[in-house]
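# Coordinates in review
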Amino acid sequence: MFDELRTLLGDRVSVSDAVREHHSHGESWHAPGLPEAVVFPTSTDEVSAIVKICARHGKPIVPFGMGSSLEGHVNAIHGGVSIDLTRMTRVLRISPEDLDITVEAGLTRLRLDAHLKNTGLMFPIDPGADATIGGMAATRASGTTAVRYGTMRDNVLGMTVVLADGQVITTGGRARKSSSGYDLTRLFVGSEGTLGVITDLTLRLYGRPEAVRAAVCPFESMAGAAATVIQTIQLGIPVARIEIVDEAQLRVVNAYSKTNYPIAPTLFFEFHGISDVMVDEQIKAVEEIAREQGATGFQWASTLEDRNTLWTARHNAYYATVASRPGARAWTTDICVPISHLAECILQTQADLKAAGVVAPLVGHAGDGNFHLIFMLDANDPKEFEQISRLNERLVERALKFGGTCSGEHGVGIGKLKYSAKEHGASLDVMRSIKRALDPDNLMNPGKLIPEP
Ligand SMILES: Cc1cc2nc3c(=O)[nH]c(=O)nc-3n(C[C@H](O)[C@H](O)[C@H](O)COP(=O)(O)OP(=O)(O)OC[C@H]3O[C@@H](n4cnc5c(N)ncnc54)[C@H](O)[C@@H]3O)c2cc1C
C-alpha cells in the first residue's frame with residue numbers, strides 16, 4: 001500500500017514518527033491512536049485515489065483538518081491512513097452578489113476571514129480554535145455567533161465528498177433553498193469523517209455589520225446572568241453574541257490575558273445592526289432586562305481594538321484554563337439544553353461541582369443553551385479520572401433530562417459514544433444502517449460517532 005501511495009503522492013506521504021504522532025490525537029485527553037501513514041493530498045482526485053488504495057487494502061481512513069477537536073475524533077484507534085487536508089486551501093469561487101463562496105476543505109476559518117476582509121463580507125462561524133472549514137463541517141461546529149447566524153448546519157449550502165469506495169459526489173448546490181431529494185449536505189455535516197472525506201464546501205456569507213458594539217456585564221448571581229440570557233432570547237432580541245462565564249473562568253482569563261474583569265458571573269455581549277439606531281434599540285432592551293436581574297454595570301468595547309481584546313480573551317478561555325494547572329490535561333465537555341432550562345442546568349451543575357470539591361471553569365454560548373466545563377485532569381491519578389467521569393456523566397444525564405443533548409457543538413468522537421444510545425434510542429439503528437450503506441467495510445474513521453456493537 002505504501003508504495004502505491006508514494007507513486008501517487010511522492011514525498012507527500014509520511015511514515016515518520018513525528019508526523020504520525022502529530023496526527024494521532026486532537027486537543028483532547030484521550031489516548032492517542034497512531035496512523036500507519038499520513039498523506040497530504042492537494043486535490044479531490046488525489047483524495048479519491050488515496051481512498052481507493054486504502055479500500056483495496058482494507059485500511060482505515062481518518063480525515064484530519066487542524067486536529068483541534070475535543071473528543072478523540074482524529075485518533076487513529078484502528079491504525080490506517082490519516083488524510084491531512086491542510087494543503088487544500090484554495091478559494092475556488094466567490095459570488096458577492098449571491099453571498100456565497102466555495103472553498104477547499106483545508107482552508108482555516110481565520111484564513112477565510114482574511115480572504116474576505118476587503119469584500120465587506122464575512123463567514124461568522126468561529127470555534128475557539130483556527131479550525132479547517134472541512135473539520136468544522138464534519139463536527140457541525142459553531143461558536144460565539146451561532147445565536148444570530150446559526151451553526152455549520154445552517155451555513156453549508158453544498159459540498160464535494162469522496163465516498164468510502166473513492167466515488168466523488170456533490171451534494172446540495174447554491175440555491176438558498178431546495179425541496180429536491182434527501183438532504184445529503186446535512187447528512188455529511190456532523191458525520192465526523194465516518195461517511196466520506198469532504199474536499200470542498202459552498203458556504204453562505206453575510207455582509208459585515210455597519211454598527212457593532214460589545215460589552216462585558218457582571219451580575220450579582222449566576223441565576224441573574226442566566227435569566228438575562230433566557231429573557232433576551234425569549235423576547236427575540238437579535239443579539240449577535242451572548243456568552244456566559246463564571247468566576248472560576250474569569251480568574252484564569254484575567255491571569256492569562258492580562259485583563260481585569262470583575263470576578264463575578266458575567267455575560268459577554270455583542271450587538272450587530274445596519275445602523276447605530278438599530279444597535280441602540282437592542283442594547284436598551286437588554287440593559288433593562290439585565291438591570292432587573294442584578295447586573296452591576298456594562299463595560300463597553302466600542303472600538304475594533306477593544307472588541308478584539310474582549311473576544312480574544314473569550315476565545316482563549318480554554319488555553320487560559322490549560323495554563324492554570326501546568327502538567328495537567330484539559331477535559332472539555334459541552335452540553336446543550338432548551339433555553340428555558342439553561343439556568344437550572346447551570347445551577348445544578350455548579351452545585352454538583354461544589355459538592356464534589358472540583359473546580360471546573362464554566363463558559364458557554366449561552367444564547368443557544370450551550371455551555372462547557374473545562375476540567376483539568378492529572379492523567380496519572382485514576383481517582384481524579386473517575387471523579388471527573390462521574391461529574392461528566394451526571395452533566396450529560398442532566399442535559400438529556402431537560403430535553404437537551406450530550407454535545408452542542410464538539411461532537412461525539414470517542415468521548416461521548418457511551419451516551420449515543422440513551423440520546424438517540426432507535427434512531428441509532430438508522431444511523432448504523434446509513435453507515436453500513438455508505439461504508440460497508442467500516443473503513444471511514446471507524447470507532448467514532450456510532451458505538452461499535
Ligand atoms: C481552544 C478551542 C476552542 C474550541 N471552541 C469551539 C467552539 O467554540 N465551537 C466548536 O464547535 N468547537 C470548538 N472547538 C473544537 C474544534 O475546534 C472543532 O471541533 C473544529 O470544528 C474541528 O476542526 P478541525 O479542522 O480541527 O478538525 P479535526 O479536529 O482535524 O477533525 C475533526 C473531525 O472531523 C473529521 N474531519 C476533518 N476534516 C474533514 C474533512 N475534510 N472531511 C471529512 N471529515 C473531516 C475528522 O475525521 C474528525 O472526526 C474548540 C477547540 C479548541 C481547541
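Above this text is the structure in question.
The rules we used
- Residues numbered from 1 in each chain as written.
- Predicted model: local features only at pLDDT ≥ 70, side-chain atom pairs only at ≥ 80, totals over all residues.
- Heavy atoms only, no water.
- 1 Å grid on protein atoms, 1.4 Å probe; cavity = no way out; pocket = protein on both sides within 12 Å on 5 of 7 lines; lining within 4 Å.
- Points joined across faces, edges and corners; volume = space filled by probe spheres on them.
- Helix = DSSP H or I, 4+ residues; strand = E, 2+ residues; numbered from the N terminus.
- Nonpolar A, V, L, I, M, F, W, Y, C, P; charged D, E, K, R; others polar.
- Pairing = 2+ DSSP bridges.
- Axes fitted to C-alpha atoms, helices over the stretch in contact; angles between N-to-C directions.
- Contact = heavy atoms within 4.5 Å.
- Expected span 1.5 Å × (residues − 1).
- Buried < 20%, exposed > 50% of the residue type's maximum accessible area, 1.4 Å probe, protein only.
- Near = heavy atom within 4 Å.
- Polar contact = N/O pair within 3.5 Å; in protein donor to acceptor, adjacent residues only side chain to side chain.
- Areas by Shrake-Rupley, 256 points an atom, 1.4 Å probe, with all protein chains shown as cover.
- Sits in = over half its atoms within 2 Å of the grid points.

## Description of empty space enclosed by the protein
In total, this model carries two cavities of 30 Å³ or more according to the counting rule given. Looking at the lining of the largest cavity, the element that brings in the most residues is helix H5 (residues 133-138), giving four residues. Taken together, the residues of the lining of the largest cavity break down into 20 nonpolar, 21 polar and five charged. In this structure, the second largest cavity spans a volume of roughly 30 Å³. Lining the second largest cavity we find Val245, Gln249, Leu250, Val253, Phe268, Ala313, Arg314, Ala317 and Val363. Only helix H10 (247-257) and helix H12 (304-315) provide two or more residues apiece to the lining of the second largest cavity. With three residues, H10 is the single largest residue contributor to the lining of the second largest cavity. Classifying every residue of the lining of the second largest cavity gives seven nonpolar, one polar and one charged.

## Digging into the sheet that holds strand E5 (residues 91-95)
Backbone-to-backbone hydrogen bonds pair the strands of a sheet. The strands run either parallel or antiparallel. Taking strand neighbours across the sheet as the criterion, the five strands line up as E5-E6-E10-E8-E9 in an open arrangement whose pairing is antiparallel. Two strands in the sheet have a free side with no partner beyond their single neighbour: E5 and strand E9 (168-172). For this sheet, the mean inter-axis angle between neighbouring strands, taken without regard to orientation, is 15°. Sheet topology places strand E6 (residues 100-104) next to strand E10 (residues 196-204); five bridges connect them, and they run antiparallel. Bridged to Glu104 within E10 is Asp200. Of the strands in this sheet, strand E8 (156-163), E9 and E10 touch helix H3 (residues 44-57), which is tilted by about 40° from E8. Each of E5, E6 and E10 is contacted by helix H4 (residues 109-116), which is oriented at about 135° to E6, the strand it contacts most.

## Quick look at H3
Structural remark: α-helix, 3.6 residues per turn; residues separated by three or four positions point the same way. Here H3 is 14 residues long and its end C-alpha atoms lie 20 Å apart, about the 20 Å a rise of 1.5 Å per residue gives. Taken residue by residue, H3 has Thr44, Glu46, Val47, Ser48, Ile50, Val51, Ile53 and Cys54 as its buried positions. Positioned one or two residues after H3, Gly58 has a phi angle of 65°, which is positive.

## Looking at the site of the ligand
Of all residues adjacent to the ligand, which total 37 residues, the nearest are Pro63, Gly65, Ser68, Ser69 and Thr132. Contacts to the ligand include Pro63, whose backbone N or O atom sits 2.6 Å from an oxygen atom. Measuring from an oxygen atom of the ligand, one finds a backbone N or O atom of Gly65 at 2.7 Å. Isolated, the ligand exposes 970 Å² of accessible area, and the fraction of that covered by the protein chains is 97%. At a threshold of 2 Å from the grid points, most atoms of the ligand map onto the largest cavity. When contributions to the shell around the ligand are tallied by element, the ones reaching two or more residues are strand E3 (61-64), H5, E10 and helix H13 (317-324). The greatest single-element share of the shell around the ligand, amounting to four residues, is contributed by H5. Here the shell around the ligand is built from residues that sort into 17 nonpolar, 17 polar and three charged.

## A word on the sheet that holds strand E12 (residues 211-218)
With respect to topology, seven strands assemble into an open sheet ordered E15-E12-E14-E13-E17-E18-E16, the strand pairing being antiparallel. Among the strands making up the open sheet, the edge pair consists of strand E15 (299-301) and strand E16 (329-336). In this sheet, adjacent strand axes meet at a mean angle of 20° when their direction is disregarded. Alignment of strand E17 (residues 362-364) against strand E18 (residues 370-377), held across two bridges, turns out to be antiparallel. Looking at E18, one finds that Leu362 is bridged to Leu373. Contacts from helix H9 (residues 222-234) reach strand E13 (241-245), strand E14 (266-273) and E17 within the one sheet, and its direction differs from that of E13 by about 160°. Across the sheet, helix H11 (residues 276-292) lies against E12, E14 and E15, angled at about 150° from E14, the strand it touches most.

Nothing here speaks to function; it is all geometry.
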